[in-house]
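# Descriptive analysis of the structure
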Amino acid sequence: MWGLALDSVISADVVLANGTIAKASKTQNPDLFFAIRGAAGSFGIVVSTQVKTYAAPSSATIFNYNYNLNINAATTALANFQTYAVSNIPAQLGLEIVLSKGSSRGTVNFGVTGGWYGAANQLNVTLQPFLGPLGNPSWKTVTPGSYLDSAKNLAEGSLDTSNPLGQHDTFYAKSLVTPQSSPMSQTALKAFATYISNNGYDANVGWFLQIELFGGSNSAINVVATEDTAFGHRNSLFAMQLYAYSWDSNPPFPAVGFTFIDGVADSIVKNSPANWDYGAYEPYIDDRLANSEFLYYKTNLPKLKTLKAQFDPTGVFNSPTGIKP
Ligand SMILES: *[C@@H]1O[C@H](CO)[C@@H](O)[C@H](O)[C@H]1NC(C)=O
Ligand SMILES: *[C@@H]1O[C@H](CO)[C@@H](O)[C@H](O)[C@H]1NC(C)=O
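Residues numbered from 1 in each chain as written. Chains lettered and ligands numbered in written order. Predicted model: local features only at pLDDT ≥ 70, side-chain atom pairs only at ≥ 80, totals over all residues. Heavy atoms only, no water.

### Brief notes about the overall build of the protein
Assigned secondary structure in the protein consists of 8 helices and 10 strands. Here the C-alpha atoms of the protein give a radius of gyration of 20 Å, agreeing with the 20 Å that 2.2 N^0.38 yields for 325 residues. With 325 residues in all, the protein has 48% of them scored as buried. Excluding contacts between residues fewer than 6 apart, the proportion of contacts in the protein whose partners are at least 24 apart in sequence is 76%. In the form shown here, the protein has an accessible surface area of approximately 15200 Å², with 54% of it arising from carbon and sulfur atoms. Where the 18 positive side-chain charges of the protein centre and where its 21 negative ones centre are 4 Å apart. (Helix = DSSP H or I, 4+ residues; strand = E, 2+ residues; numbered from the N terminus. Rg over C-alpha atoms; globule rule 2.2 N^0.38 Å. Buried < 20%, exposed > 50% of the residue type's maximum accessible area, 1.4 Å probe, protein only. Contact = heavy atoms within 4.5 Å. Areas by Shrake-Rupley, 256 points an atom, 1.4 Å probe, with all protein chains shown as cover. Lys, Arg positive; Asp, Glu negative; His and termini not counted. Charge placed at Lys NZ, Arg CZ, Asp CG, Glu CD.)

### With respect to the packing of aromatic side chains
The tally for this structure, following the rule as stated, stands at 19 aromatic pairs. Relative to Y278, the ring of W276 has its centre 5.5 Å away and its plane inclined at 25°; by these criteria the two rings are stacked. Aromatic pair Y296 and Y297: ring centres 6.3 Å apart, planes at 75°, arrangement edge-to-face. Judged by relative accessible area, Y297 falls into the buried class, the value being 5%. Chaining the aromatic ring pairs together yields one cluster made of W2, Y54, Y117 and Y147. (Phe/Tyr/Trp six-rings, centres within 6.5 Å; stacked < 30°, edge-to-face > 60°.)

### Overview of the site of ligand 2
Around ligand 2, the neighbouring residues are L16, N18, T20, Q310 and F311. In this structure, an oxygen atom belonging to ligand 2 sits 2.3 Å away from a side-chain N or O atom of N18. In the complex, the protein chains occlude 40% of the 360 Å² of accessible area that ligand 2 would expose alone. Here the residues of the shell around ligand 2 sort into 2 nonpolar, 3 polar and no charged. (Near = heavy atom within 4 Å. Polar contact = N/O pair within 3.5 Å; in protein donor to acceptor, adjacent residues only side chain to side chain. Nonpolar A, V, L, I, M, F, W, Y, C, P; charged D, E, K, R; others polar.)

### A word on the domain arrangement of the protein
In terms of domains, the protein is made up of domain 1 (5-55 + 302-311) and domain 2 (56-289). Each of domain 1 and domain 2 has a C-alpha centre, and the two are 29 Å apart. Listed as interface residues are 10 residues of domain 1 and, on the opposing side, 10 residues of domain 2. When the two sides are added together, the surface that domain 1 and domain 2 hide from each other amounts to roughly 690 Å², 53% of it contributed by carbon and sulfur. In this assembly, domain 1 and domain 2 are joined by 1 salt bridge. Of the charged contacts, one joins D7 and R234 as a salt bridge, the two residues approaching to 2.8 Å between their closest N and O atoms. Sorting elements by how many residues they give to the side of domain 1 that touches domain 2 places helix α1 (residues 30-39) first, with 5 residues. Among the residues forming the side of domain 1 that touches domain 2, the class breakdown is 7 nonpolar, 1 polar and 2 charged. (Domains from an automatic or database assignment. Buried area = accessible area lost by both parts, 1.4 Å probe. Salt bridge = Lys/Arg side-chain N within 4 Å of Asp/Glu carboxyl O.)

### Concerning the sheet that holds strand β9 (residues 206-213)
One open sheet accounts for 7 strands, arranged β7-β4-β6-β5-β9-β10-β8; its pairing is antiparallel. In this open sheet, the two strands that pair with only one neighbour each are β7 (139-145) and β8 (171-179). The sheet shows a mean angle of 15° between the axes of neighbouring strands, taken without regard to direction. In this sheet, strand β6 (residues 107-116) lies alongside strand β5 (residues 93-101) in antiparallel orientation, the contact comprising 9 bridges. When the sheet's bridge partners are listed, S100 is paired in β6 with N109. Across the face of the sheet, helix α3 (residues 123-131) comes into contact with β4 (60-70), β5, β6 and β7 while running at roughly 20° to β4. (Pairing = 2+ DSSP bridges. Axes fitted to C-alpha atoms, helices over the stretch in contact; angles between N-to-C directions.)

### Comments concerning unusual backbone geometry
Here the bond from P251 into P252 is cis, since omega is 0°, no more than 30 degrees from zero. Turning to its location among the elements, P252 is positioned in the loop between β10 (236-245) and α6 (255-269). A positive phi is found at S249, a non-glycine position, where the angle reads about 70°. Mapped onto the elements of the fold, S249 is located in the loop between β10 and α6. Unusually for a residue other than glycine, K298 sits at a positive phi of about 50°. Considering the arrangement of structural elements, one finds K298 in the loop between α7 (292-297) and α8 (301-311).

### Some thoughts on the packing of helix α2 (residues 71-85) against helix α5 (residues 186-202)
Helix-helix packing is characterised by the crossing angle of the two axes and by the distance between the axes. The geometry of α2 relative to α5 is characterised by a closest axis approach of 9 Å and an angle of 135° between their N-to-C directions. The orientation of α2 relative to α5 falls into the category oblique. α5 is crossed by α2, and the crossing has right-handed handedness. Every residue of α5 that contacts α2 at I71, N72, A74, T75, L78, A79 and Q82 is listed here: Q186, L189, K190, F192, A193, T194, S197 and N198. Tallied by class, the residues present in the contact of α2 with α5 amount to 7 nonpolar, 7 polar and 1 charged. (Parallel < 35°, antiparallel > 145°, perpendicular 65-115°, else oblique. Left-handed = near helix turned anticlockwise from the far one by under 90°.)

Quick look at the structure:
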């Protein structure tokens, strides 16, 4: 509804590689402003930001519907999700699919979760075209309340940043950003559903997969021009996170976790056209990803490399997945 967090940034103070502090905005250092909105880690240390604010919606509902589906039903539900995403759904609907290990081999747990910022009594009719065909969920929670309630809910109960929950994990994550102009094919979806229902049931590692709605009708993300910010995925439909973790969240990370997550990404990419215009989502850092610079920044990469040479020629801000001059 409000786009990416970076789309609300009006200006920032940035410590550059040579130690000077620069103001970045539309009118001051516009190239730096472009670069830090999507690739800040390669350009400097942002020490303050000024952001656009919005009136809180009068109602916010967090919802979670869960189904255990077999391979055919999961394939159909994923295809329906793609169709639903580009139908005229309201901007007030934030939505993702969360897939995890099924209750038996050949099935997968199919969760539909998100936030609804319209009138609470309109959620049912909004979701019905997608969820109706799935029948009764195995469980669901629908929690209407204030906007602040919804933020607390999504932050697992507390917004107190002075007292972090102390959570940690030992995990590996890949991502796939799917193009809206070329949705995942039936073949790719079937291969994906088959792999996660069988290999995902067998894999001796914890995992979940998120299919986050970025595009679709009324997407505030996709109305911004690609060349306005470093973020390179303004024509995407989904950002997918493919995530595996050690059972007790402590090291070591099991090698099977890499194999399984690679296989999930391959089940989609290798069953899509050779020229399929997919990408990867840079906040889901993947230092095993070949060609990560291009997959993260797409058509914005050439400009970002030129700016990297200008602002940080010696690579003070270097990371394995960062932009190289
Ligand atoms: C909407 O409400 C109807 C009637 O109570 C119910 O059968 C249906 O499952 C609901 N749909 C959703 C998506 O909650
Ligand atoms: C530091 O780098 C910026 C950006 O390249 C440049 O504009 C500025 O003149 C540099 N400052 C110094 C003191 O070298």
